[in-house]
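Chain by chain, the residues:
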Amino acid sequence: MARRLSDNLCSLYIGASNRLRPKKARKKIVVYVEGYDDIMFWRNILSVYETESVYFEVMLPSRDSLTKGKKQAMMNTLGQTLGQNMIACVDADYDYLLQGATSTSKKMCESPYVFHTYAYAIENYQCNAATLHEVCVMSTLNDHEMINFEEFFRIYSQITYPLFVWNVYFYRKNDLRTFPIMEFAHVARLSHVDVLQLEHCLMELEGRVNRKLNYLEHQFSECKEEIETLKVEMTHLGVRPENAYYFMQGHHIFENVTLKLLTPVCALLRKEREDEIRALAGHDCQMQNELNSYQHSQSSVDLMLKKNRSILNCEPFNRLKSDLEQFLAKI
(Lines give C-alpha, C1' and ligand atoms only; values in the text may rest on other atoms or scores of the structure.)
Protein backbone atom coordinates (compact mmCIF):
# COMPACT_ATOMS: atom_id res chain seq x y z
CA MET A 1 0.00 0.00 0.00
CA ALA A 2 2.83 2.38 0.92
CA ARG A 3 4.60 1.47 -2.33
CA ARG A 4 1.49 2.25 -4.40
CA LEU A 5 0.98 5.57 -2.59
CA SER A 6 4.61 6.52 -3.24
CA ASP A 7 4.25 5.67 -6.94
CA ASN A 8 1.05 7.74 -7.16
CA LEU A 9 2.72 10.72 -5.50
CA CYS A 10 5.70 10.42 -7.81
CA SER A 11 3.38 10.39 -10.82
CA LEU A 12 1.55 13.46 -9.51
CA TYR A 13 4.81 15.35 -8.99
CA ILE A 14 6.05 14.48 -12.48
CA GLY A 15 2.76 15.68 -13.97
CA ALA A 16 2.90 18.89 -11.96
CA SER A 17 6.51 19.43 -13.01
CA ASN A 18 5.57 19.14 -16.66
CA ARG A 19 2.73 21.59 -16.23
CA LEU A 20 5.03 24.09 -14.50
CA ARG A 21 7.36 24.24 -17.49
CA PRO A 22 6.69 26.99 -20.07
CA LYS A 23 4.41 25.89 -22.88
CA LYS A 24 6.87 25.97 -25.75
CA ALA A 25 4.10 25.73 -28.30
CA ARG A 26 2.72 29.11 -27.26
CA LYS A 27 3.58 32.00 -29.53
CA LYS A 28 5.38 34.81 -27.70
CA ILE A 29 4.69 38.41 -28.67
CA VAL A 30 7.23 40.89 -27.32
CA VAL A 31 5.67 44.21 -26.28
CA TYR A 32 7.82 47.33 -26.00
CA VAL A 33 6.48 50.09 -23.77
CA GLU A 34 7.74 53.56 -22.88
CA GLY A 35 8.72 53.22 -19.22
CA TYR A 36 8.31 51.46 -15.88
CA ASP A 37 4.79 52.74 -15.14
CA ASP A 38 3.57 51.41 -18.48
CA ILE A 39 4.60 47.80 -17.84
CA MET A 40 1.83 46.99 -15.37
CA PHE A 41 -0.79 48.97 -17.29
CA TRP A 42 -0.21 47.08 -20.54
CA ARG A 43 0.28 43.75 -18.74
CA ASN A 44 -3.22 44.10 -17.24
CA ILE A 45 -4.74 44.87 -20.64
CA LEU A 46 -2.90 42.27 -22.69
CA SER A 47 -3.25 39.40 -20.19
CA VAL A 48 -6.95 39.25 -21.07
CA TYR A 49 -5.98 38.17 -24.59
CA GLU A 50 -3.52 35.44 -23.63
CA THR A 51 -4.57 31.94 -24.65
CA GLU A 52 -3.15 28.45 -24.92
CA SER A 53 -1.51 29.53 -28.17
CA VAL A 54 -0.28 33.08 -27.53
CA TYR A 55 1.17 35.13 -24.67
CA PHE A 56 2.84 38.53 -24.24
CA GLU A 57 6.10 39.62 -22.67
CA VAL A 58 6.03 43.32 -21.79
CA MET A 59 9.40 45.04 -21.53
CA LEU A 60 11.26 48.33 -21.79
CA PRO A 61 12.34 49.35 -25.30
CA SER A 62 16.08 48.68 -24.95
CA ARG A 63 17.97 45.68 -23.62
CA ASP A 64 21.40 47.28 -23.73
CA SER A 65 20.72 50.73 -22.25
CA LEU A 66 18.38 52.63 -19.95
CA THR A 67 16.93 54.58 -22.86
CA LYS A 68 13.15 54.81 -22.59
CA GLY A 69 10.34 56.73 -24.22
CA LYS A 70 7.86 56.62 -27.04
CA LYS A 71 10.22 56.98 -29.98
CA GLN A 72 12.52 54.31 -28.58
CA ALA A 73 9.58 51.90 -28.18
CA MET A 74 8.58 52.38 -31.83
CA MET A 75 12.13 52.18 -33.25
CA ASN A 76 13.74 49.13 -34.80
CA THR A 77 15.19 47.11 -31.97
CA LEU A 78 18.08 44.64 -32.03
CA GLY A 79 18.09 44.74 -35.82
CA GLN A 80 14.47 43.63 -36.00
CA THR A 81 11.34 45.50 -36.98
CA LEU A 82 7.93 45.61 -35.39
CA GLY A 83 5.65 42.88 -36.68
CA GLN A 84 3.44 39.99 -35.63
CA ASN A 85 5.98 38.88 -33.02
CA MET A 86 7.02 42.32 -31.79
CA ILE A 87 4.70 45.25 -31.12
CA ALA A 88 4.88 48.63 -29.41
CA CYS A 89 2.26 49.90 -26.94
CA VAL A 90 2.51 53.62 -26.23
CA ASP A 91 0.69 56.68 -24.93
CA ALA A 92 -1.25 58.50 -27.64
CA ASP A 93 -0.26 61.97 -26.39
CA TYR A 94 -1.41 64.53 -28.99
CA ASP A 95 -0.12 62.29 -31.78
CA TYR A 96 -3.54 60.66 -32.13
CA LEU A 97 -5.24 64.04 -32.54
CA LEU A 98 -2.52 65.27 -34.91
CA GLN A 99 -3.51 62.45 -37.30
CA GLY A 100 -0.18 62.13 -39.11
CA ALA A 101 0.85 65.80 -39.02
CA THR A 102 4.29 64.74 -37.70
CA SER A 103 6.48 61.72 -38.43
CA THR A 104 5.85 60.27 -34.96
CA SER A 105 2.10 60.79 -35.29
CA LYS A 106 2.12 59.21 -38.76
CA LYS A 107 3.96 56.09 -37.62
CA MET A 108 1.82 55.72 -34.50
CA CYS A 109 -1.48 56.15 -36.35
CA GLU A 110 -0.63 54.08 -39.42
CA SER A 111 1.52 51.16 -38.23
CA PRO A 112 -0.55 48.00 -37.59
CA TYR A 113 2.02 47.02 -34.96
CA VAL A 114 1.90 50.18 -32.84
CA PHE A 115 -0.95 50.28 -30.34
CA HIS A 116 -1.78 53.42 -28.44
CA THR A 117 -4.04 54.51 -25.62
CA TYR A 118 -6.27 56.83 -27.71
CA ALA A 119 -6.59 58.75 -24.44
CA TYR A 120 -3.60 61.06 -23.97
CA ALA A 121 -1.82 58.70 -21.53
CA ILE A 122 -2.32 55.96 -18.97
CA GLU A 123 -2.90 58.65 -16.32
CA ASN A 124 -6.15 59.62 -18.06
CA TYR A 125 -7.43 56.08 -17.59
CA GLN A 126 -6.30 56.10 -13.96
CA CYS A 127 -8.46 59.22 -13.58
CA ASN A 128 -11.52 57.60 -15.16
CA ALA A 129 -14.33 59.42 -13.32
CA ALA A 130 -16.45 56.26 -13.02
CA THR A 131 -13.73 54.64 -10.86
CA LEU A 132 -12.76 57.53 -8.58
CA HIS A 133 -15.16 56.65 -5.78
CA GLU A 134 -13.42 53.25 -5.57
CA VAL A 135 -10.07 55.06 -5.32
CA CYS A 136 -11.41 57.06 -2.37
CA VAL A 137 -12.65 53.88 -0.69
CA MET A 138 -9.27 52.17 -1.14
CA SER A 139 -7.53 55.20 0.35
CA THR A 140 -9.87 55.95 3.29
CA LEU A 141 -11.83 52.72 3.87
CA ASN A 142 -14.96 54.85 3.91
CA ASP A 143 -17.65 54.06 1.34
CA HIS A 144 -19.62 57.29 1.77
CA GLU A 145 -20.09 58.76 -1.71
CA MET A 146 -19.61 62.49 -1.20
CA ILE A 147 -19.73 63.80 -4.76
CA ASN A 148 -20.72 62.63 -8.22
CA PHE A 149 -17.32 62.33 -9.91
CA GLU A 150 -18.77 61.51 -13.33
CA GLU A 151 -20.91 64.64 -13.33
CA PHE A 152 -18.00 66.77 -12.10
CA PHE A 153 -15.69 65.62 -14.89
CA ARG A 154 -18.45 66.02 -17.46
CA ILE A 155 -18.84 69.67 -16.44
CA TYR A 156 -15.06 70.15 -16.22
CA SER A 157 -14.68 68.80 -19.76
CA GLN A 158 -17.46 70.97 -21.12
CA ILE A 159 -15.93 74.10 -19.62
CA THR A 160 -12.39 73.44 -20.88
CA TYR A 161 -13.25 71.81 -24.22
CA PRO A 162 -13.36 75.01 -26.37
CA LEU A 163 -9.92 76.06 -25.13
CA PHE A 164 -8.61 72.52 -25.55
CA VAL A 165 -9.58 72.63 -29.24
CA TRP A 166 -7.52 75.81 -29.69
CA ASN A 167 -4.55 74.10 -28.03
CA VAL A 168 -4.78 71.13 -30.42
CA TYR A 169 -5.26 73.52 -33.36
CA PHE A 170 -1.92 75.25 -32.78
CA TYR A 171 -0.12 71.92 -32.29
CA ARG A 172 -1.53 70.73 -35.60
CA LYS A 173 0.01 73.83 -37.16
CA ASN A 174 3.32 72.86 -35.51
CA ASP A 175 3.06 76.11 -33.54
CA LEU A 176 4.27 75.20 -30.07
CA ARG A 177 4.75 78.77 -28.87
CA THR A 178 1.49 80.68 -29.33
CA PHE A 179 -0.52 78.56 -26.90
CA PRO A 180 1.70 75.79 -25.47
CA ILE A 181 0.29 72.83 -23.62
CA MET A 182 1.70 74.01 -20.28
CA GLU A 183 -0.21 77.28 -20.60
CA PHE A 184 -3.40 75.37 -21.32
CA ALA A 185 -2.75 73.22 -18.23
CA HIS A 186 -2.23 76.34 -16.13
CA VAL A 187 -5.53 77.86 -17.25
CA ALA A 188 -7.43 74.55 -16.98
CA ARG A 189 -6.25 73.70 -13.45
CA LEU A 190 -8.46 73.47 -10.39
CA SER A 191 -7.77 75.89 -7.54
CA HIS A 192 -9.39 76.59 -4.16
CA VAL A 193 -11.35 73.34 -4.14
CA ASP A 194 -14.11 73.32 -1.53
CA VAL A 195 -15.78 69.92 -1.63
CA LEU A 196 -18.97 71.35 -0.12
CA GLN A 197 -19.14 74.13 -2.72
CA LEU A 198 -17.66 72.70 -5.89
CA GLU A 199 -19.61 75.12 -8.04
CA HIS A 200 -17.26 77.89 -6.84
CA CYS A 201 -14.10 76.29 -8.23
CA LEU A 202 -15.94 75.45 -11.47
CA MET A 203 -17.08 79.07 -11.81
CA GLU A 204 -13.51 80.24 -11.20
CA LEU A 205 -12.27 77.78 -13.81
CA GLU A 206 -14.88 78.96 -16.31
CA GLY A 207 -13.80 82.56 -15.77
CA ARG A 208 -10.14 81.80 -16.53
CA VAL A 209 -11.05 79.70 -19.58
CA ASN A 210 -13.38 82.36 -21.01
CA ARG A 211 -10.79 85.11 -20.60
CA LYS A 212 -8.20 83.10 -22.55
CA LEU A 213 -10.80 82.00 -25.07
CA ASN A 214 -11.91 85.57 -25.73
CA TYR A 215 -8.30 86.60 -26.25
CA LEU A 216 -7.63 83.83 -28.78
CA GLU A 217 -10.88 84.41 -30.67
CA HIS A 218 -10.10 88.12 -30.93
CA GLN A 219 -6.40 87.72 -31.74
CA PHE A 220 -6.93 84.93 -34.28
CA SER A 221 -10.41 85.70 -35.56
CA GLU A 222 -9.47 84.42 -39.03
CA CYS A 223 -9.06 80.91 -37.59
CA LYS A 224 -12.61 80.48 -36.29
CA GLU A 225 -13.80 78.52 -39.31
CA GLU A 226 -10.85 76.13 -39.05
CA ILE A 227 -11.58 75.72 -35.34
CA GLU A 228 -15.15 74.67 -36.11
CA THR A 229 -13.90 72.20 -38.74
CA LEU A 230 -11.45 70.77 -36.21
CA LYS A 231 -14.27 70.26 -33.69
CA VAL A 232 -16.14 68.14 -36.25
CA GLU A 233 -13.05 66.08 -37.03
CA MET A 234 -12.32 65.58 -33.33
CA THR A 235 -15.86 64.28 -32.86
CA HIS A 236 -15.08 61.55 -35.40
CA LEU A 237 -11.96 60.75 -33.34
CA GLY A 238 -14.13 60.26 -30.26
CA VAL A 239 -13.48 63.64 -28.63
CA ARG A 240 -16.60 65.41 -27.43
CA PRO A 241 -17.22 68.23 -24.96
CA GLU A 242 -18.34 65.85 -22.21
CA ASN A 243 -15.32 63.48 -22.39
CA ALA A 244 -12.49 65.86 -23.33
CA TYR A 245 -10.55 65.17 -20.12
CA TYR A 246 -9.46 61.81 -21.55
CA PHE A 247 -7.51 63.58 -24.29
CA MET A 248 -5.85 66.36 -22.29
CA GLN A 249 -2.29 65.99 -20.98
CA GLY A 250 -2.29 63.07 -18.56
CA HIS A 251 -0.06 64.61 -15.88
CA HIS A 252 -2.24 67.73 -15.88
CA ILE A 253 -5.44 65.72 -15.36
CA PHE A 254 -3.74 63.61 -12.68
CA GLU A 255 -1.98 66.37 -10.71
CA ASN A 256 -3.94 69.57 -11.39
CA VAL A 257 -7.46 68.19 -11.50
CA THR A 258 -8.02 64.72 -10.04
CA LEU A 259 -5.63 64.92 -7.07
CA LYS A 260 -6.76 68.49 -6.36
CA LEU A 261 -10.28 67.09 -6.06
CA LEU A 262 -9.61 63.76 -4.36
CA THR A 263 -7.27 65.08 -1.66
CA PRO A 264 -9.88 67.19 0.17
CA VAL A 265 -12.57 64.55 -0.45
CA CYS A 266 -10.42 61.90 1.20
CA ALA A 267 -9.53 64.25 4.05
CA LEU A 268 -13.24 64.67 4.82
CA LEU A 269 -13.87 60.92 4.54
CA ARG A 270 -11.05 60.20 6.99
CA LYS A 271 -12.33 62.81 9.43
CA GLU A 272 -15.83 61.36 9.15
CA ARG A 273 -14.55 57.88 10.01
CA GLU A 274 -12.36 59.15 12.87
CA ASP A 275 -15.27 61.15 14.33
CA GLU A 276 -17.35 58.00 14.19
CA ILE A 277 -14.67 56.06 16.10
CA ARG A 278 -14.48 58.77 18.77
CA ALA A 279 -18.26 58.77 19.16
CA LEU A 280 -18.58 54.99 19.43
CA ALA A 281 -15.54 54.22 21.61
CA GLY A 282 -16.38 53.05 25.14
CA HIS A 283 -13.22 54.50 26.69
CA ASP A 284 -10.04 56.36 25.76
CA CYS A 285 -7.91 53.24 25.38
CA GLN A 286 -10.36 51.66 22.95
CA MET A 287 -10.64 54.92 21.03
CA GLN A 288 -6.86 55.27 20.67
CA ASN A 289 -6.39 51.64 19.64
CA GLU A 290 -9.15 51.92 17.05
CA LEU A 291 -7.80 55.20 15.68
CA ASN A 292 -4.30 53.71 15.39
CA SER A 293 -5.68 50.65 13.63
CA TYR A 294 -7.66 52.79 11.20
CA GLN A 295 -4.77 55.14 10.46
CA HIS A 296 -2.40 52.23 9.79
CA SER A 297 -4.94 50.72 7.37
CA GLN A 298 -5.18 53.81 5.19
CA SER A 299 -3.24 54.44 1.98
CA SER A 300 -2.24 57.68 0.27
CA VAL A 301 -4.72 58.79 -2.37
CA ASP A 302 -2.03 59.50 -4.97
CA LEU A 303 -0.68 55.94 -4.61
CA MET A 304 -4.16 54.43 -4.93
CA LEU A 305 -4.79 56.59 -7.98
CA LYS A 306 -1.58 55.34 -9.61
CA LYS A 307 -2.66 51.77 -8.87
CA ASN A 308 -6.17 52.31 -10.21
CA ARG A 309 -6.75 49.55 -12.75
CA SER A 310 -10.55 49.64 -12.80
CA ILE A 311 -10.89 50.75 -16.40
CA LEU A 312 -14.56 50.67 -17.29
CA ASN A 313 -16.06 51.01 -20.74
CA CYS A 314 -15.24 54.33 -22.34
CA GLU A 315 -14.82 55.23 -26.00
CA PRO A 316 -10.99 55.56 -26.04
CA PHE A 317 -10.52 52.20 -24.31
CA ASN A 318 -13.08 50.48 -26.53
CA ARG A 319 -11.16 51.66 -29.60
CA LEU A 320 -7.93 50.27 -28.15
CA LYS A 321 -9.57 46.91 -27.46
CA SER A 322 -10.91 46.78 -31.00
CA ASP A 323 -7.40 47.35 -32.43
CA LEU A 324 -5.94 44.55 -30.29
CA GLU A 325 -8.70 42.14 -31.21
CA GLN A 326 -8.27 42.82 -34.94
CA PHE A 327 -4.50 42.27 -34.65
CA LEU A 328 -4.86 38.99 -32.76
CA ALA A 329 -7.47 37.70 -35.20
CA LYS A 330 -4.87 37.85 -37.98
CA ILE A 331 -2.05 35.96 -36.28
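Every value quoted in this text rests on a predicted model; they were computed, and no experiment measured them. (Residues numbered from 1 in each chain as written. Predicted model: local features only at pLDDT ≥ 70, side-chain atom pairs only at ≥ 80, totals over all residues. Heavy atoms only, no water.)

Enquirer: Help me understand helix α10 (residues 198-219) in this model?
Expert: Residues separated by three or four positions in an α-helix point in the same direction, a consequence of the helix having 3.6 residues per turn. For α10, built from 22 residues, the straight-helix expectation of 32 Å at 1.5 Å per residue is met to within 8% by its first-to-last C-alpha distance of 32 Å. Buried within α10 are the following residues: L198, C201, L202, L205, R208, V209, K212, L213 and L216. Angularly, the buried residues of α10 cover 130 degrees about the axis, an arc narrow enough to put them on a single face. Along α10, the residues that are exposed and aim more than 90 degrees away from the buried face are M203, R211 and H218. Those residues of α10 that are buried are in contact with α8 (149-172), α9 (181-187) and α12 (250-280). (Helix = DSSP H or I, 4+ residues; strand = E, 2+ residues; numbered from the N terminus. Expected span 1.5 Å × (residues − 1). Buried < 20%, exposed > 50% of the residue type's maximum accessible area, 1.4 Å probe, protein only. Arc of directions from axis to C-beta. Contact = heavy atoms within 4.5 Å.)

Enquirer: Would you take a moment to explain helix α2 (residues 36-46) for this structure?
Expert: Those residues of α2 that sit buried are D38, F41, W42, I45 and L46. The arc that holds the buried residues of α2, viewed along the axis, is 120 degrees, so those residues lie on one side.

Enquirer: What is the right way to read unusual backbone geometry from this model?
Expert: Trans is the prevailing form of peptide bonds, just as negative phi is the prevailing case for residues other than glycine. The phi dihedral of D93 falls on the positive side, at around 50 degrees, and the residue is not glycine. Within the secondary structure, D93 sits in the loop between β3 (86-90) and α4 (95-98). The backbone of H192 sits at a positive phi, close to 50 degrees, despite the residue not being glycine. Structurally, H192 is set in the loop between α9 and α10. On the basis of relative accessibility, which here comes to 68%, the residue H192 falls in the exposed class.

Enquirer: Hey, could you run me through the environment of R270 in this one?
Expert: By the element assignment, R270 lies in helix α12. Judged by relative accessible area, which is 19%, R270 ranks as buried. Sequence-distant contacts of R270, defined by excluding residues within four places in its chain, comprise S139, T140, Y294, Q298, S299, S300 and V301.

Enquirer: What am I meant to see in the sheet that holds strand β4 (residues 114-116) here?
Expert: Strand pairing within a sheet occurs via backbone hydrogen bonds; the two strands may be parallel or antiparallel. The four strands are arranged β2-β1-β3-β4 in an open sheet whose pairing can be described as parallel. If you trace the sheet from one side to the other, it starts and ends with β2 (54-59) and β4, each paired once. Direction aside, neighbouring strands of the sheet carry axes that sit 30 degrees apart on average. Across three bridges, the pairing between strand β1 (residues 27-32) and β3 is parallel. When the bridges of β3 are listed, V30 appears paired with M86. Along the sheet, α2 makes contact with β1, β2, β3 and β4, crossing β2 at roughly 170 degrees. On the sheet, helix α15 (residues 315-329) packs against β1, β2, β3 and β4 and is oriented at approximately 155 degrees with respect to β4. (Pairing = 2+ DSSP bridges. Axes fitted to C-alpha atoms, helices over the stretch in contact; angles between N-to-C directions.)

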